[in-house]
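Structure assessment
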Amino acid sequence: MRVTVSRKAHFNAAHRLYRKDWTDEKNEAIFGKCSNPNYHGHNYELIVSVTGKIDNETGFVIDMKTLKELIKSEVEDTFDHKNLNLDVAAFKDLNPTAENIAVIIYNKLKPKLKNDLDLEITLYETPRNFVTYSGQKL
């Protein structure tokens, strides 16, 4: 039996969507107001889902306390109340779109999990706009 368990988290962060190699006009044409040179912010909602076999001894797929601590140390402490463009090294040369943020979160969490556990990240940038990433490569 494989079961998925999920934990919801929250962080607030500012960012600016833009490419350094484009003009301000092109960035504005592509990213609109999200390319504001003074940045803008979101109240991100994060759902971290872990899928695996139920451990016969504990009854857990993963101890939710462990998952909570992992999310805090790897995601909330890194992203919460930060300017993603300026304060988070992963976005030094990577546009901090919701898609890229989800992949970065996945890449931070996946190595901390047992190899037999699958991970899926769902990141809500707004209540109506969200992305999901589960490590699949093209």
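Above this text sits the structure in question.
Here is a short report on the structure shown in this document. (Residues numbered from 1 in each chain as written. Predicted model: local features only at pLDDT ≥ 70, side-chain atom pairs only at ≥ 80, totals over all residues. Heavy atoms only, no water.)

**Topic: the nonpolar core**
Membership of the largest hydrophobic core comes to 32 residues, with the highest contact counts inside it found for Phe-11, Leu-46, Val-50, Phe-79, Ile-105 and Ile-121. Secondary-structure elements contributing two or more residues to this core are β1 (2–15), β2 (40–53), α2 (64–79), α4 (98–109), β4 (118–124) and β5 (130–133). Considering every element that reaches this core, the biggest residue donor is α4, with seven residues. (Core = buried A, V, L, I, M, F, W, Y, C linked by side-chain atoms within 4.5 Å. Buried < 20%, exposed > 50% of the residue type's maximum accessible area, 1.4 Å probe, protein only. Helix = DSSP H or I, 4+ residues; strand = E, 2+ residues; numbered from the N terminus.)

**As for the environment of Ala-29**
Along the chain, Ala-29 turns up in helix α1 (residues 24–31). Residues Ala-29 and Ala-14, spaced 15 residues apart in sequence, show a C-alpha to C-alpha distance of 20 Å.

**Topic: the pairing of β4**
Relative to β4, β2 is paired through seven bridges, and the arrangement is antiparallel. Bridge pairing in β4 links Val-50 to Leu-119. As judged from the four bridges shared by β4 and β5, these two strands associate in the antiparallel manner. Within β5, the residue paired with Ile-121 across the bridge is Tyr-133. (Pairing = 2+ DSSP bridges.)

**Some points on the packing of α2 against α4**
For any two helices packed against each other, the geometry is given by the interaxial angle and the distance between the axes. Axis separation between α2 and α4 bottoms out at 10 Å; the angle between their running directions is 140°. Considering the angle they form, α2 stands oblique to α4. For the pair α2 and α4, the crossing hand works out as right-handed. Contacts between α2 and α4 involve Leu-70, Glu-74, Val-75, Thr-78 and Phe-79 from the former and Ile-104, Ile-105, Lys-108 and Leu-109 from the latter. (Axes fitted to C-alpha atoms, helices over the stretch in contact; angles between N-to-C directions. Parallel < 35°, antiparallel > 145°, perpendicular 65-115°, else oblique. Left-handed = near helix turned anticlockwise from the far one by under 90°. Contact = heavy atoms within 4.5 Å.)

**Re α4**
Residue pairs three or four apart in sequence face the same way in an α-helix, which turns once every 3.6 residues. If you check α4, its first and last C-alpha atoms are 17 Å apart, about what twelve residues at 1.5 Å a residue would give, namely 16 Å. Along α4, the positions that sit buried rather than exposed are Ala-98, Ile-101, Ala-102, Ile-104, Ile-105, Tyr-106 and Leu-109. In the core, the buried residues of α4 are packed alongside β1, β2, α2, α3 (84–87), β4 and β5. (Expected span 1.5 Å × (residues − 1).)

**What to know about the side chain of Ser-49**
Secondary-structure assignment places Ser-49 in strand β2. Here Ser-49 falls in the buried class, since its relative accessible area comes to 8%. There is a polar contact of 2.6 Å between the side chain of Ser-49 and the side chain of Ser-6. When near neighbours in sequence (up to four residues on either side) are disregarded, Ser-49 contacts Thr-4, Val-5, Ser-6, Asp-118, Leu-119 and Glu-120. (Polar contact = N/O pair within 3.5 Å; in protein donor to acceptor, adjacent residues only side chain to side chain.)

**Points about the pairing of β5**
Burial of β5 is one-sided: the residues Val-131 and Tyr-133 facing one way are buried, the residues Phe-130 and Thr-132 facing the other way are not. Taking the residues between adjacent antiparallel strands as the criterion, β4 and β5 are bridged by five residues.

**Observations regarding the environment of Gly-52**
With respect to the helices and strands, Gly-52 occurs in strand β2. With a relative accessible area of 0%, Gly-52 lands in the buried category. Considering only alpha carbons, one finds Gly-52 and Leu-117, 65 residues apart in sequence, at a separation of 4.9 Å. Excluding residues within four positions of it along the chain, Gly-52 makes contact with Met-1, Arg-2, Val-3, Val-61, Asp-116 and Leu-117.

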